[in-house]
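Architecture at a glance
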Amino acid sequence: MTQEQRRVTRSALARYGQRGYKQSSRGRLWSLAIEKALYYYEAAEPTRAQLIRLRYFEHRSVEETMERLNLSYSTYQKAHSDVLSTIAIYAAHGGLL
């Protein structure tokens, strides 16, 4: 995953849920990619699904997210990287990346 793909994916996560975001076709496609990743992680890795919710939907800090999920910094970094990569893969399948 390139730095640009990481930046674009983080930006989409930050905008997810904002008023009017799903109004554009690009916003709908990003929302679909995010939701697919969330559903995948709910079934396969619930901690990563919680990371998405806490960090991006509830706007918790890294430290608070780590504490609530009982993760070390290195484990958080790995999980966060996995989440961004998974969303980026779904986004690429949708033609966004």
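Residues numbered from 1 in each chain as written. Predicted model: local features only at pLDDT ≥ 70, side-chain atom pairs only at ≥ 80, totals over all residues. Heavy atoms only, no water.

Relative to the 28 Å expected for 20 residues at 1.5 Å per residue, helix α2 (residues 25–44) spans 28 Å between its end C-alpha atoms, a close match to the ideal helical length. Buried-residue contacts for α2 involve α1 (3–15), α3 (46–57) and α5 (73–93). (Helix = DSSP H or I, 4+ residues; strand = E, 2+ residues; numbered from the N terminus. Expected span 1.5 Å × (residues − 1). Contact = heavy atoms within 4.5 Å.)

As for its position among the elements, Arg55 is in helix α3. Put simply, Arg55 and Glu42 are 13 residues apart on the chain and 15 Å apart in space, counted from C-alpha to C-alpha. In this structure, Arg55 is in contact with Arg60, Ser61, Val62, Thr65 and Tyr76, ignoring residues within four places of it in sequence. Within the local environment of Arg55, its side chain forms a polar contact with the backbone oxygen of Arg60, the two atoms lying 2.6 Å apart. (Polar contact = N/O pair within 3.5 Å; in protein donor to acceptor, adjacent residues only side chain to side chain.)

Attention shifts here to the packing of aromatic side chains. The final tally for this structure, using the stated rule, is two aromatic pairs. Ring centres of Tyr16 and Phe57 lie 5.0 Å apart, and the angle between their planes is 20°; this geometry places the pair in the stacked category. Of this pair, Tyr16 sits in the loop between α1 and α2 while Phe57 sits in helix α3, placing them 41 residues apart in sequence. Taking relative accessible area as the criterion, Tyr16 reaches 18% and is therefore assigned buried. (Phe/Tyr/Trp six-rings, centres within 6.5 Å; stacked < 30°, edge-to-face > 60°. Buried < 20%, exposed > 50% of the residue type's maximum accessible area, 1.4 Å probe, protein only.)

For the rest of this paragraph, the subject is the environment of Glu58. Its place among the elements puts Glu58 in the loop between α3 and α4 (62–69). Counting along the chain gives 42 residues from Glu58 to Tyr16, while the straight-line C-alpha distance between them is 11 Å. Contacts of Glu58, omitting those with residues within four sequence positions, involve Arg53 and Arg68. A polar contact is formed between the side chain of Glu58 and the side chain of Arg60, at a distance of 3.1 Å.

Looking at where Leu54 falls in the secondary structure, it is placed in helix α3. Judged by its relative accessible area of 2%, Leu54 is buried. Between the C-alpha atom of Leu54 and that of Leu69, which follows or precedes it by 15 residues, the distance is 9.3 Å.

We now examine unusual backbone geometry. At His59, a residue that is not glycine, the phi angle is positive and equals roughly 55°. Relative to the elements of secondary structure, His59 occurs in the loop between α3 and α4. Positive phi, close to 55°, is recorded for Asn70, a residue that is not glycine. Mapped onto the elements, Asn70 comes out in the loop between α4 and α5. A relative accessible area of 72% places Asn70 in the exposed class.

Structural measurements only, silent on function.
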